[in-house]
Amino acid sequence: MSKIHAAITGVHGYVPDYVLSNKELEKMVDTSDEWILTRTGISERRILKGEGLGVSDMAVHAVKGLLEKTNTRPEDIELVIFCTVTPDLVFPASANILCDKAGLVNAWGYDLGAACSGFLFGLTTGSKFIESGMHKKVIVVGGDKMSAIIDYTDRATCVIFGDGCGAVLLEPTEEAVGLMDADLHSDGSGRTFLHQKAGGSVKPASHETVDAREHFVYQEGKQVFRFAVTNMAESAATVMERNHLKPEDVAWLVPHQANLRIIDATADRMGVGREKIMINIQKFGNTTNGTLPLCLWEWEKQLKKGDNLILAAFGGGFTWGAVWLKWAYSA
Ligand code: UT7
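Here the residue numbers are simple positions, counted from 1 along each chain's written sequence. Only residues with pLDDT of at least 70 get local features here, since the model is predicted, and only at 80 or more are side-chain atom pairs given and counted; chain-wide, interface and lining totals rely on the full set of residues. Only hydrogens and water are removed before side-chain values are computed, so all heavy atoms of the structure are retained for them.

Chemist: An account of the domain arrangement of the protein is needed here, citing residue identities and associated values.
Modeler: All domain edges in this entry derive from an automatic or database-based domain assignment. The domain architecture assigned to the protein consists of domain 1 (5-176) and domain 2 (180-326). Using C-alpha coordinates to define each centre, domain 1 is positioned 14 Å away from domain 2. Contacts between the two partners involve 51 residues from domain 1 and, on the opposite side, 46 residues from domain 2. Here domain 1 meets domain 2 over a buried area of about 3,700 Å², counting both sides, of which 62% is carbon and sulfur. Just to be clear on terms, a salt bridge is a Lys or Arg side-chain nitrogen sitting within 4 Å of an Asp or Glu carboxyl oxygen. In this structure, the connection of domain 1 to domain 2 is made through three salt bridges. Residues D151 and R213 are paired through a salt bridge, measuring 2.9 Å at the closest nitrogen-oxygen approach. Counting of polar contacts relies on pairs of N or O atoms within 3.5 Å, with two restrictions inside protein: one atom must be capable of donating a hydrogen and the other of accepting it, and residues adjacent in sequence are counted only when both atoms are side-chain atoms. Summed over the shared surface of domain 1 and domain 2, the number is 19 residue pairs in polar contact (both at pLDDT 80 or more). By the criteria applied, helices consist of DSSP H or I runs no shorter than four residues and strands consist of E runs no shorter than two, each listed in order from the N terminus. Mapped by element, the contributors of at least two residues to the side of domain 1 that touches domain 2 are β1 (5-14), α2 (33-40), β3 (44-47), α5 (118-131), β6 (138-145) and β7 (163-173). With seven residues, the single largest contributor to the side of domain 1 that touches domain 2 is β1. The contact criterion used is simple: two residues touch if any of their non-hydrogen atoms lie within 4.5 Å. The quantity reported as buried area is the accessible area (1.4 Å probe) lost by two parts once they are put together, taken as the sum for both.

Next comes the structure, spelled out in structure tokens:
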């Protein structure tokens, strides 16, 4: 019997309507459209407004759209992996809440936390449930409501992040398409450079933690940048080299959208031209777990069966990696 591969058979996304522009940020903190654009490549980002709305509310839109376009019945979904750093609640998992809201009555699920690399880790993990034969329909969701943990008085972080969510359906195939290889890494010694100080078991919420603004993203940008440039590029190159993929074999680079300069460095290391890179950072900013599925969603119509895609990410932890995907269908 030939090997079972896990293929993405559909992708859908959701971004909230509210557009937070650089111009609006100029009125909130000491920054400028020019600084943000030249240092990051971002012009605007989306923000989920409304009382009582969490990341699962964006995920419901993405998942319902995904089920509709792939003609999949909600009750046929067996597993949901929800990659996020901004779950609705500390517990239960947002995957559980999403299953309830989207009518995935026969699925089990869990949240996966690997910061900006979460979707890569989730895609790889979800694929193993397919490849092993345990499941036939797995949804991997990547999304964040970053506005819930961003300090809009901190110009170093508030200009970067946005809200958004994407979801893919994984199904088995005996064709040589789908997830082909993954190079994934975690190095917890990098945790000091990018984290949320309070709200976990080390430092539960208190008046003091709130007063000290410790429930927001803390980032030492320059340090993170240094590691991101090197590791994301090296991981992408590793996946290419060990699979004998030359730059001309790669149809698309799908990079995490943290900073245009990190994306360019990765493409340069791979030898891949700008025309082959999926870039939407200018309109969505860094949606953390949402960046990769949102790119796939936006470019879906241009993708052809057999296209070689290299997905690459770097995030808090540190976590990073790259995945080689052979696209499984033509739109
Ligand atoms: O997705 C998860 C992983 N995260 C990343 O990959 C992010 C990696 N880091 C970065 O993308 C960049 O480091 C940032 C975009 C966060 C910052 O860019 P930078 O070129 O590294 O700037 P910097 O932090 O070195 O700051 C340079 C200057 C500082 O002023 P002084 O000390 O030189 O006077 C900052 O205070 O720019 C200042 N600055 C700003 N100025 C205007 C920082 N943020 C802003 C701002 N507007 N929003």
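Chemist: Summarise the sheet that holds β6; cite the residues concerned and give the values.
Modeler: Sheet architecture is open: five strands sit in the order β1-β7-β6-β4-β5, paired in mixed fashion. Bordering the open sheet on either side are β1 and β5 (108-112), each of which pairs with just one other strand. Shown here is a sheet whose adjacent strand axes are inclined to one another by a mean of 20 degrees, direction ignored. Note: two strands are recorded as paired if DSSP finds a minimum of 2 bridges between them. Where strand β4 (residues 79-83) meets β6, five bridges bridge the pair, whose relative direction is parallel. Directly across from F82, in β6, lies its bridge partner V141. All axes here are fitted lines through C-alpha atoms, helices being fitted over the stretch that makes contact, and every angle between N-to-C directions spans 0 to 180 degrees. Helix α11 (residues 291-299) rests against β1, β6 and β7 of the sheet, and its axis sits at about 85 degrees to β1.

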